[in-house]
Structures are given as structure tokens and as C-alpha cells.
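Reading the structure
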Amino acid sequence: MAKQDEQRLMVKIATLYYIEGLKQSEIAQSLTLSQSFVSRILNRSVKEGVVKISVVPPANVYPELEKAIEQTYNLPQAIVVDVPDQASPLQIKQAIGSAAAHYLETRLRNDELIGISSWSGTIRAMVDALHPLNSACKGVIQLLGGVGANGNVQATILTQNLAALLNCPAWLLPSQSIEHSVSDRQRLSANAEVAEVLSKFEQVDLAIVGIGDLEPSALLRNSGNYYDGRMLQTLAARGAVGDICLHYFDACGQPVLKAEEDPVIGMELAQVKQCPQVVGLAGGREKAQAIRGALLGGYIKVLIIDYPTARLLLTPQDSSQPVR
């Protein structure tokens, strides 16, 4: 068959498929060809430039920015959500929470153990946006202690609500986030009920975590689960920029407290890094440095972030102007 004849047939098949909307089987029957031949010709039509497929993203979708973040931080997936430049903290939380709910609804797999770092307003927004799913998950596990002034209201019930939406068991962590001392943490961690939950951290398949900055959120302050001023000064002096499950890291993502100094009962940073899938929910310009540190530390596999803050992740740290 001459090349011109091949091209003529290729254009015919491509026109029937892409323009007229015929199925491959219908094209094969109409032209008396095998379906496998039609499939090969369609693949060639794209490779040889006879068919050019373009993706035209809507104005509120940012694939180029997502790709730039993924390449810059060696990140498997970034999801950038659209919010106004002057969006309120509530708007940012709701937008990220909605995107996280959609991610979970489309990504959820059978027999997975889901962990959540329960002290996060953005995770709460995700749970509020989630539709009930008849999943076959192993369960939802609380990754950070929640006993405190409002612990049961904020942390425990958030874990239970997510488990109810996924129609699966819940494992609650019956402890404070931060104990009074490392010896108190060690003592409580040896408690049978607490130890049972802690032992499951290594089995978590998908962890959904918030990324906090050095200053405790209003949610944490209201709970009583946060460090006192002296400890916050120590963390700042050591270069802490953010935390995951109240375990703090510096601008390069390295932990700033040794195990023998850390009184927190929650998923350790090393465990976060080893978890197969970690989804980080974080937004707001004030968290840009904390988010960057979490990415450089290799803790996050999927980042869900708002557009204005995402642009700052591509900003040289010594420059005030974002890279375009």
C-alpha cells in the first residue's frame, strides 16, 4: 500500500471516530476491517500528527502550576484549587476540603486503613463535604490524641463522623496530643488501649494530614492541645517552621526535637514518611514556608492547596515576587 493510500485510509478512520463519533467496532464493520486494525490506525494517527488532541483547561484549573510544583518538589501529585486572591481562611478551608472530599471519593480502595490527623479545620471541611460511601475500608484511625477541653467534640467525633460516612470501624486514640512530659508520654503510650491504636499506625495505607505552622491554630488553642510559650520559643530557636501531627520540622523538613524530647502522642514523622499514601491539606499564604518544609522533608505524596499559596511554593525564598 502506497503511503498516500495509507494516509487516505488513516484520515477516513480518524474522521469517522473523532468527528462523526462512530465506535471502533462500527468503523471496522463499515469499512470491512478488523477492529484491531482500526485501533492501530487510530494510535498511529495521533503519533504521526494526523490527529492532534488538545486539552483546554477552564480558567479555574491550573495544570501547569500543578506540574511545576510536582517537578520542583518531586511530588507525585499536586491539586491546586481556585480561590480569590483575597479569600478568607474559611473560604480556603472549604475549597480545599471540597477537593479533598472529591479526591477521597474517587481514590478510595477496598481494605485500606485510613488515618486522619484530627486537629485540622481543613480536614473537618473535607468531612463536611464528603458524601456517604458504602466502602469496604478496614477503618478510620485517629493519628493524634484528642483528649482535652474540647477533645471529644473536635477530634474524636471527627474521626467517628468520617468512619460513619465510609461505613467502617473507627479507632480512637484515648490520650491528649501533648503530654506534660516525655515520661508521661511513655507511661500513657504503654496503656493497653493507647498502645493498641499506636501499633496500628504502621498499617495505615492512606493518611490525611493537616500541615500546621509554628503558631497554634485557634482550633488547637481552644482544645488545650498545644505547647506553652516556653516550648514554642524553643521550637522557634531551632528553626521550626511547621508540623504534621504536632511533630515539628525545620525549613528543610528535618525534625527539630529528638524522640527523648518530644511529648506528643501521635503519628511520628518517620511513620508519616513511610506511609504509602499521605495527603496533605493546607492553605493560606502564612503556611507557605511550613508547606515547603513538609514537601522538602518528603512527608507528602499528594498536596491539596489553594492557588495563591501554591504560587508562593515556586517563589525563591529570598524573593518577594512569585515565579511566573
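If you're wondering where the values come from, they're calculated on a predicted model, not measured in any experiment.

Rules used throughout
- Residues numbered from 1 in each chain as written.
- Predicted model: local features only at pLDDT ≥ 70, side-chain atom pairs only at ≥ 80, totals over all residues.
- Heavy atoms only, no water.
- Buried < 20%, exposed > 50% of the residue type's maximum accessible area, 1.4 Å probe, protein only.
- Helix = DSSP H or I, 4+ residues; strand = E, 2+ residues; numbered from the N terminus.
- Pairing = 2+ DSSP bridges.
- Axes fitted to C-alpha atoms, helices over the stretch in contact; angles between N-to-C directions.
- Parallel < 35°, antiparallel > 145°, perpendicular 65-115°, else oblique.
- Left-handed = near helix turned anticlockwise from the far one by under 90°.
- Contact = heavy atoms within 4.5 Å.
- Nonpolar A, V, L, I, M, F, W, Y, C, P; charged D, E, K, R; others polar.
- Salt bridge = Lys/Arg side-chain N within 4 Å of Asp/Glu carboxyl O.
- Core = buried A, V, L, I, M, F, W, Y, C linked by side-chain atoms within 4.5 Å.
- Phe/Tyr/Trp six-rings, centres within 6.5 Å; stacked < 30°, edge-to-face > 60°.
- Expected span 1.5 Å × (residues − 1).
- Arc of directions from axis to C-beta.

Before going further, it helps to examine the pairing of strand E7 (residues 240–244). Within E7, five of the five residues are buried, which leaves the element mostly enclosed by the surrounding structure. The pairing of E7 with strand E8 (residues 247–250) spans four bridges and is classified as antiparallel. Looking at E8, one finds that Asp-243 is bridged to Tyr-248. Where E7 hands over to E8, the hairpin turn is made up of two residues, of which Cys-245 adopts a positive phi near 55 degrees.

What follows concerns the packing of helix H1 (residues 3–19) against helix H2 (residues 24–31). One can describe the packing of H1 onto H2 by two numbers: an axis separation of 10 Å at closest approach and a directional angle of 135 degrees. It follows that H1 is oblique to H2 by the angle criterion. Note on packing geometry: the crossing formed by H1 with H2 is right-handed. Between H1, through Leu-9, Lys-12, Ile-13, Leu-16 and Tyr-17, and H2, the contact on the second element is made entirely by Gln-24, Ile-27 and Leu-31. Of the residues in the contact of H1 with H2, the class split is six nonpolar, one polar and one charged.

Once that is clear, we can look at the sheet that holds E7. Taking strand neighbours across the sheet as the criterion, the three strands line up as E6-E7-E8 in an open arrangement whose pairing is antiparallel. Since the sheet does not close on itself, it has two edges, and those belong to strand E6 (212–213) and E8, each with one partner.

Quick look at the pattern of salt bridges now. Enumeration according to the criterion identifies four salt bridges in this entry. Of the charged contacts, one joins Arg-44 and Glu-6 as a salt bridge, the two residues approaching to 3.7 Å between their closest N and O atoms. A residue pair is termed long-range when its members are at least 10 positions apart, and Arg-44 in helix H3 (residues 35–47) and Glu-6 in helix H1 qualify at 38 residues. Judged by relative accessible area, Glu-6 falls into the partly exposed class, the value being 27%. Here Glu-261 and Arg-238 are joined by a salt bridge, their closest N and O atoms 2.8 Å apart. Placement of Glu-261 in the loop between E8 and helix H12 (269–274) and of Arg-238 in the loop between helix H11 (229–237) and E7 is noted, with a sequence separation of 23 residues between them. A relative accessible area of 27% places Glu-261 in the partly exposed class.

Judged by nonpolar contacts, the single largest core of 53 residues is most densely connected at Ile-69, Leu-143, Ile-211, Ile-244, Ile-300 and Leu-303. For this core, the leading source of residues is helix H13 (residues 288–296), giving four residues. Excluding anything up to four places from it in sequence, Ile-244 contacts Val-209, Gly-210, Ile-211, Phe-249, Leu-269, Val-272, Ala-294, Tyr-299 and Ile-300. Residues Cys-137, Leu-162, Ile-208 and Ile-304 belong to the second largest nonpolar core, which totals 33 residues.

All chains considered together, the criterion is met by three aromatic pairs. Residues Tyr-62 and Tyr-307 carry aromatic rings whose centres are separated by 4.3 Å and whose planes lie at 15 degrees to one another, so their mutual orientation is stacked. Within this pair, whereas Tyr-62 is found in the loop between H3 and helix H4 (63–73), its partner Tyr-307 is found in helix H14 (residues 307–312), the two being separated by 245 residues in sequence. A residue is classified by how much of its surface remains accessible, and Tyr-307, at 21% relative accessible area, is partly exposed.

With parallel pairing, the seven strands of this open sheet are ordered in space as E1-E10-E9-E5-E2-E3-E4. If you trace the sheet from one side to the other, it starts and ends with strand E1 (77–81) and strand E4 (170–171), each paired once. With respect to the sheet, helix H6 (residues 121–129) is in contact with strand E5 (206–210) and strand E9 (277–281), its orientation differing from that of E5 by roughly 125 degrees.

On to H3. The end-to-end C-alpha distance of H3 is 19 Å, a good match for the 18 Å that 13 residues give at a rise of 1.5 Å each. Of all the positions in H3, only Val-38, Ile-41, Leu-42 and Ser-45 are classed as buried. For H3, the angular spread of buried residues about the axis comes to 100 degrees, placing them on one side. Opposite the buried face of H3, by more than 90 degrees, sit the exposed residues Arg-40 and Lys-47.

Taken across its five residues, strand E10 (residues 302–306) has five buried, putting it largely inside the fold. Of the two faces of E10, the one lined by Val-302, Ile-304 and Asp-306 and the one lined by Leu-303 and Ile-305 are each fully buried. For E1 and E10, the ladder comprises five bridges, and the chain directions are parallel. Bridging from a neighbouring strand, Ala-78 pairs with Leu-303 of E10. Judged from the three bridges that link them, E9 and E10 form a sheet pairing that is parallel. For Leu-281, the partnering residue across the bridge sits in E10 and is Ile-304.

Taken by themselves, the reported measurements are silent on function.
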